[in-house]
Amino acid sequence: MAHMTPTPVLEPGQDRTMILNMGPQHPSTHGVLRVLLEIDGETVVRLMPDIGFLHTGIEKTCEAKFYQQVVPLTDRIDYLCPMTNNLCYVLAVEKLLGLEIPEKAQWLRVLLNELTRINSHLVWLGTHAMDIGALTVFLYCFREREEVLKMFEMVAGQRMMTSYFRVGGVALEPPLGFFDRVRDFAGYFPERIDQYENLLTGNPIWLMRTKGVAHMTAEDAIALGATGPTLRGSGVDIDLRRDMPYSSYEKFQFKVPVSQEGDVFARYMCRVQELRESVGIVRQALDGMPEGRYKADAPGIVLPDREKMKTQMESLIYHFKIITEGFNVPAGEVYQAVESPRGEMGYYIVSDGTAKPYRVHMRSACFANLQTLSKMCEGRLLADVVAAIGSIDIVLGEIDR
Amino acid sequence: MALAPAITDIEQLKEHPAIARLTAWNASAIEGVKFDRDELTIYVERGALREACALLREDSACPFNFLSDITCVDWYPQEPRFEVVYHLLSIPKKERVRLKVRLNSGSPALESLTSIWPGANFFEREVFDLFGIRFTGHPYLRRILMPEDWEGHPMRKDYPVEGYR
């Protein structure tokens, strides 16, 4: 990014080509992505993404905060899947601490994580379809997304920046009526997915805009560091929830949708099927939700119950100490990865034994996925660039951090 | 809440496919190992990094064919100051390994991995931008997150959180 020097500079390679600047203010770049294109007529010769416009130095800020104060920073990275980021961060800190989490908290996390995936995929589907020209789908998707956001508001008091997961469990017991509402939603949502599919999957215009467009082979996808549906759309069968389970995902049954074609349509199909699988996981979580505490019994790390804090001196002291001094984490380092709606979200945390993390690095899925854009678009038509950007499902907040 | 102590003895860990592969190739390329919290770290000698990665990628028993992440840790004011951290993943075997290279503070430079994984491009640019580590052989080593005319490398520990005033 630049406020003075125009960077990066792309020089036309031949006389017949020209440079086209797309973004940072462009309706299909989902935030502030600038794409530099060298075009020969309608054909893209070279493509170069330029990022950094949303860089706020979150990793640096984390180093100046206590471990528990980092949680609200993590949702602001990716505002479409806040819970996934919360989850990844708290799992990493818990791994550093060697903390055991009660089963109920783990299942709640899975439940909310899948709702987050639904939320994120709905925004993706709506905007992706809108980019390509199918305006109606957007309205349908946001109708259901609103319901998911209301459920987030019920548990966390916030629609988007939830910060609901805490080191050692979750912040609060979900309120009365929450599970019924989720069950309701899980009941009618598969029908709604059919509605979206009716609008798109067999639609000849949609097929012409997506089939065979922005093709990428499995070898390229692996070499470029793609993950998530971008990788699975090229036929590589990996999903961290199934292959390296965390937070009791091993207790759930679900399929991992994989498509072999490697085009925009394949990635679309992967995500739509993931929506269905996510509803299945939500239902399993509701049916099997264990009884017990929603946070670990670890005084000094987990905030005490409000009631106890007001009546017992011990709890009051712990509360005061956690808030004012934080808690020390044994020295060491961990890399924790989770399957976010966009791919492998990883947190690498280094602790030096104090109450503040020495280094927090976020491995963002979109950051790596964005590199595949040149591979997908070079040699193809300019109009397909928009379809390709949508099919990677980028969130610039996560890319720039 | 008991943490098992870290294992740093290479003899106990030589069964691990990544260590077995690297010791069979060149034992002196490994500067140290650590197995802590179920995660394996291999300290690799600076000059051997690129070849070690190429070997691990092609390993027939357990190919670490996916580069998850590249980042860096600044241990200012200690020397060697920088640790460049590579996270590799084996998609067929679902195994992870962490490679680390230590670098001194005087003009830190390292070989680029872009010839092995083109996806290393953005990650190396980010490390260059925020830590000032140069990757030789990188096709386009320019700032990626900060403005082109920015001074300093913000993620270094001697760079104040509020920035220079």
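Note that the coordinates shown come from a computational prediction; the quantities given were computed from them, not determined experimentally. (Residues numbered from 1 in each chain as written. Chains lettered and ligands numbered in written order. Predicted model: local features only at pLDDT ≥ 70, side-chain atom pairs only at ≥ 80, totals over all residues.)

Further remarks concern the overall build of chain B. When helices and strands are counted, chain B shows 4 helices and 7 strands. For 165 residues, the compact-globule estimate of 2.2 N^0.38 gives 15 Å, and chain B sits close to it at 17 Å. For chain B, the proportion of contacts with a sequence separation of at least 24, taken over those separated by at least 6, is 48%. (Helix = DSSP H or I, 4+ residues; strand = E, 2+ residues; numbered from the N terminus. Rg over C-alpha atoms; globule rule 2.2 N^0.38 Å. Contact = placed C-beta atoms within 7 Å.)

Facing 43 residues of chain A, the contacting portion of chain B comprises 33 residues. Those elements that provide at least two residues to the side of chain A that touches chain B are helix H1 (58-62), helix H3 (82-97), helix H8 (218-223), strand S6 (332-340), strand S7 (343-351), strand S8 (359-363) and helix H14 (365-369) of chain A. With 4 residues, S7 of chain A is the single largest residue contributor to the side of chain A that touches chain B. Grouping the constituent residues of the side of chain A that touches chain B by class yields 22 nonpolar, 13 polar and 8 charged. (Nonpolar A, V, L, I, M, F, W, Y, C, P; charged D, E, K, R; others polar.)

Before going further, it helps to spend a moment on the sheet that holds strand S3 (residues 43-50) of chain A. Residues and elements named next belong to chain A. Here we have 3 strands laid out as an open sheet, ordered S1-S2-S3, and antiparallel in their pairing. Unpaired on one side and paired on the other, strand S1 (18-22) and S3 mark the two borders of the sheet. The average angle at which neighbouring strand axes cross in this sheet is 20°, direction not considered. The pairing of strand S2 (residues 34-40) with S3 spans 7 bridges and is classified as antiparallel. Opposite Arg 34, over in S3, you have Asp 50 as the bridge partner. (Pairing = 2+ DSSP bridges. Axes fitted to C-alpha atoms, helices over the stretch in contact; angles between N-to-C directions.)

A few words on the sheet that holds strand S2 (residues 39-44) of chain B. Residues and elements named next belong to chain B. Read across the sheet, 5 strands follow the order S1-S2-S5-S4-S3 without closing on themselves; strand pairing throughout is mixed. Each edge of the sheet is formed by a strand with only one pairing partner; in this case those strands are strand S1 (30-36) and strand S3 (66-74). Averaged over all adjacent pairs, the angle separating strand axes in this sheet is 20°, with direction ignored. By the bridge criterion, 6 bridges tie S1 to S2 in an arrangement that is antiparallel. By the bridge assignment, Gly 32 is partnered in S2 with Tyr 43. The sheet strands contacting helix H4 (residues 120-131) are S3 and strand S4 (82-90), and the helix crosses S3 at an angle near 5°.

Let us now look at the confidence of the model for chain A. Any segment with low pLDDT has predicted coordinates that should not be analysed in fine detail. Mean pLDDT over chain A stands at 88; residues scoring 70 or higher make up 96%. Ignoring residues within four places in sequence, the model shows residues 1-7 of chain A, a span with pLDDT below 50, making 12 contacts including any to other chains. (pLDDT = per-residue confidence, 0-100.)

Residue and element names in this part refer to chain A. Relative to the helices and strands, Pro 49 resides in strand S3. Classification of Pro 49 by C-beta neighbours within 10 Å gives buried; the count is 21. Sequence separation between Pro 49 and Phe 178 is 129 residues, and the spatial gap between their C-alpha atoms is 42 Å. Dropping the residues within four chain positions of it, Pro 49 is found in contact with Leu 33, Val 35, Leu 370 and Leu 373. (Buried ≥ 20, exposed ≤ 12 C-beta atoms within 10 Å, placed from the backbone.)

A few words on H4 of chain B. Its 12 residues place the ends of H4 of chain B 16 Å apart at the C-alpha level, agreeing with the 16 Å of an ideal helix rising 1.5 Å per residue. Counted residue by residue, H4 of chain B has 12 buried out of 12 residues, so it is predominantly covered. Looking only at H4 of chain B, the buried set comprises Ala 120, Asn 121, Phe 122, Phe 123, Glu 124, Arg 125, Glu 126, Val 127, Phe 128, Asp 129, Leu 130 and Phe 131 of chain B. Along its buried surface, H4 of chain B packs onto H14 of chain A together with S3, S4 and strand S7 (134-136) of chain B. Immediately beyond the C-terminal end of H4 of chain B, within one or two residues, lies Gly 132 of chain B, with a positive phi of roughly 75°. (Expected span 1.5 Å × (residues − 1).)

Moving on: the pairing of S4 of chain B. Residues and elements named next belong to chain B. Burial of S4 is extensive: 8 of the 9 residues sit out of reach of the surface. With 8 bridges joining them, S3 and S4 adopt antiparallel strand pairing. What sits directly across from Phe 66, in S4, is Leu 89. When S4 meets strand S5 (residues 95-103), the two strands line up antiparallel, connected through 9 bridges. Directly across from Phe 82, in S5, lies its bridge partner Leu 103. Counting the residues between successive antiparallel strands, the hairpin from S4 to S5 contains 4 residues, one of them, Lys 94, with a positive phi of roughly 55°.

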